[in-house]
Amino acid sequence: MPTEPETFYITTPIYYVNDRPHIGHVYSSTVADAVARYHRLRGDDTFFLTGTDEHAAKVVTAAAERGLGPQEWADRNAAAFQEAFARLGISNDDFIRTSEARHRERVTGYVRRLLDSGDVYLGEYEGWYDAGQEEYVPENKAKESDFRSPINGQPLVRKSEHNAFFRLSAYRDALLELLEAGLVQPEARRNELLARVREGLNDVPVSRTGTQGWGIPVPGTPDQTIYVWIDALMNYLTTVDTDERRGYWPADVHLIAKDILWFHGVIWPALLLALGRPVPRRVYAHSFWIRDGRKMSKSLGNFIDLEQIDEYVGRFSLDALRWFLLTQGPLGTTDADFAESKFIEVYNSDLANTLGNSFSRVANMIGRYFGGQAPEGGPGEGGELRAAAERSVASYRAAMDELRLDDAAGAAMELVRAIDGYIERTAPFRLAKDPERMPEVGAILYDCAEAMRIASLLLWPVLPEKMEEVWRRTGGHAYLAAVAERGRGSFDAWTAWGLLRPGTPIAKGEALFPRFQAP
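Residues numbered from 1 in each chain as written. Predicted model: local features only at pLDDT ≥ 70, side-chain atom pairs only at ≥ 80, totals over all residues. Heavy atoms only, no water.

Peer 1: How do you make sense of helix H11 (residues 306–316) when you look at a structure like this?
Peer 2: Residues lying three or four places apart along an α-helix face the same way, a consequence of the helix completing one turn every 3.6 residues. Of all the positions in H11, only Leu-306, Gln-308, Ile-309, Tyr-312 and Phe-316 are classed as buried. For H11, the arc enclosing every buried residue in end-on projection is 165 degrees, short of the 170-degree limit, so these residues lie on one face. More than 90 degrees from the buried face of H11, the exposed residues found are Glu-307 and Gly-314. Residues of H11 that are buried sit in contact with helix H1 (23–42), helix H3 (70–87), strand S15 (289–291), helix H12 (318–328) and helix H13 (340–370). (Buried < 20%, exposed > 50% of the residue type's maximum accessible area, 1.4 Å probe, protein only. Helix = DSSP H or I, 4+ residues; strand = E, 2+ residues; numbered from the N terminus. Arc of directions from axis to C-beta. Contact = heavy atoms within 4.5 Å.)

Peer 1: Teacher, can you tell me more about the pattern of salt bridges here?
Peer 2: Between side chains of opposite charge, a pair can form when the charged atoms approach closely. Counted by the stated rule, this structure contains 40 salt bridges. Close ionic contact of Arg-472 with Glu-469 constitutes a salt bridge, the shortest N to O distance being 3.3 Å. Highlighted residues: Arg-472 and Glu-469, both in helix H18 (residues 464–473), separated by three residues, approximately one helical turn. Judged by relative accessible area, which is 43%, Arg-472 ranks as partly exposed. Several salt bridges converge on common partners, so that one network encompasses Asp-94, Glu-100, Arg-102 and Arg-245. (Salt bridge = Lys/Arg side-chain N within 4 Å of Asp/Glu carboxyl O.)

Peer 1: Please clarify how the pairing of strand S5 (residues 120–130) should be interpreted in this entry.
Peer 2: Looking along a regular strand, one sees side chains alternate from face to face of the sheet. Note that S5 and strand S7 (residues 157–166) share 10 bridges and pair antiparallel. Of the residues in S7, the one forming a bridge with Trp-128 is Arg-158. Pairing of S5 with strand S6 (residues 135–137) involves three bridges; the strand directions are antiparallel. Each residue of the ladder has a partner; that of Trp-128, found in S6, is Val-137. (Pairing = 2+ DSSP bridges.)

Peer 1: Looking at this model, I keep getting lost on the environment of Glu-105. Mind explaining?
Peer 2: Mapped onto the elements of the fold, Glu-105 is located in helix H4 (residues 101–117). Separated by 133 residues in sequence, Glu-105 and Thr-238 have C-alpha atoms that sit 8.8 Å apart.

Peer 1: Sorry if this is basic, but what is going on with the environment of Arg-368 here?
Peer 2: Relative to the elements of secondary structure, Arg-368 occurs in helix H13. Along the chain, Arg-368 and Phe-429 lie 61 residues apart, while their C-alpha atoms are 9.9 Å from each other.

Peer 1: How should I be thinking about the sheet that holds S7 in this particular structure?
Peer 2: The antiparallel open sheet is built from four strands, whose spatial order is S6-S5-S7-S9. Strands at the two margins of the open sheet, each flanked by one partner only, are S6 and strand S9 (204–205).

Peer 1: Looking at this model, I keep getting lost on the sheet that holds S15. Mind explaining?
Peer 2: Adjacent strands of a sheet pair through backbone hydrogen bonds, lying either parallel or antiparallel. What the three strands build is an open sheet, ordered S16-S15-S17; its pairing is mixed. Every interior strand has two partners, whereas the edge strands, strand S16 (294–295) and strand S17 (336–337), have only one. In this structure, S15 lies alongside S17, joined through two bridges in parallel fashion. Bridge pairing links Trp-289 to Ala-336 in S17.

Peer 1: Please explain the packing of H13 against helix H15 (residues 405–426) as it appears in this structure.
Peer 2: Between H13 and H15, the shortest axis-to-axis distance is 10 Å and the interhelical angle comes to 50 degrees. In this view, H13 runs oblique relative to H15, as classed from their interaxial angle. Note that H13 runs across H15; the crossing there is left-handed. Across the interface between the two elements, Asp-350, Leu-351, Thr-354, Leu-355, Ser-358, Arg-361, Val-362 and Met-365 of H13 pack against Met-413, Val-416, Arg-417, Ile-419, Asp-420, Ile-423 and Glu-424 of H15. (Axes fitted to C-alpha atoms, helices over the stretch in contact; angles between N-to-C directions. Parallel < 35°, antiparallel > 145°, perpendicular 65-115°, else oblique. Left-handed = near helix turned anticlockwise from the far one by under 90°.)

Quick look at the structure:
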């Protein structure tokens with residue numbers, strides 16, 4: 001009997017509904033999308049979640065400024081995220097909104113359980129409050145930042161509240177064990193958390209007052225609203241805590257930005273331990289984009305918003321944007337610079353001159369010498385290109401499994417470059433001048449086309465639109481049918497050498513990535 005497919009569950013952070021989509025949201029979602037596509041290509045039963053965080057106090061304020069209720073304001077902005085992600089080809093399986101009944105009801109149940117177990121209790125809290133982030137800052141961290149928000153520089157506010165508290169302090173040893181086992185990546189981020197947890201943990205407030213009825217009430221204490229961050233963190237569980245989806249938990253990857261690592265790497269796993277639920281397998285915190293060497297901010301006017309993202313897509317293609325984000329982005333511990341000159345350089349070098357040119361070159365020669373049909377292979381069963389393909393597939397898979405998307409894309413591109421180098425060394429365009437050597441030419445071009453077929457599979461999670469166009473031109477209709485509508489592929493079987501059938505139509509078509517010339 002066939003074995004059940006592996007499950008794979010990846011999440012993005014849920015985005016503040018007060019924001020409009022910008023480069024940070026698009027980056028996190030594109031990274032998660034590429035990873036989800038890879039796992040679907042492997043044949044895994046994949047679930048990809050994104051959504052919006054809607055119960056912040058700022059939502060009430062922003063809505064009132066516009067003469068709206070908070071739900072109406074949240075509806076408008078949540079729709080903007082959904083529309084943007086659909087336009088940008090983000091293949092999420094669900095979009096959770098924390099104002100939805102399915103989320104609210106389960107959060108209420110979880111908090112009731114924590115109250116019953118004593119992990120959540122009522123008490124007084126006084127501390128330094130960051131209004132912009134809607135979070136309390138520990139005394140030592142407030143002092144280090146001169147009692148200003150480390151995010152926006154605004155003064156912290158000394159605040160006292162009667163709250164419900166979570167006994168975070170009780171989970172110090174368990175959290176240290178999880179962190180030392182590799183829960184958080186990259187390693188530098190994990191070490192930051194280890195240092196803080198070793199210093200000792202304070203219990204944290206999980207409720208607040210004065211939210212004007214916007215949010216989820218604490219069970220049995222209706223004047224208290226569940227703290228927005230606790231409410232938001234629980235979305236990862238509420239969405240899949242159903243009879244149909246429960247098998248996806250625990251999440252394989254929570255993909256986040258570095259500024260929300262404390263909540264995801266410490267508070268969230270502690271809450272799950274208190275609930276008796278398995279913790280996520282991996283929390284991965286990427287860094288930030290800067291622009292032309294400067295931090296992005298609205299005040300500087302250098303923020304890359306959705307309108308500018310759409311402009312890049314219009315000029316270069318959606319896949320060109322994905323390639324730049326995924327190969328040049330801040331996936332590690334260093335911020336990345338979004339500079340137009342760098343974008344054009346990468347586009348021309350990688351996509352136009354290397355990938356696009358290599359495909360056109362192979363298809364053009366097959367069209368010229370073999371009537372646009374894949375020729376017969378030779379007796380050598382692939383030779384050096386087969387070996388190059390096998391190396392690339394192995395490197396690619398290892399990199400994708402470790403979320404090294406830039407290295408995975410590089411492994412695929414190494415195979416494309418191997419095709420170019422093979423053509424230069426074997427010179428089929430010269431051999432074709434001798435009719436007696438046409439079988440040799442055919443064997444060379446078969447190997448090139450077969451290597452390109454495998455490269456297209458490796459590149460599909462990063463460049464889905466263009467690689468699907470390659471499949472349409474080269475007889476890959478089975479791949480198109482399998483991955484349509486978030487369907488599953490068969491990576492290991494499909495990347496085996498020798499599946500391209502002689503006689504398969506190979507059409508050159510228009511350039512995949514026309515070289516960009518600045519006006």
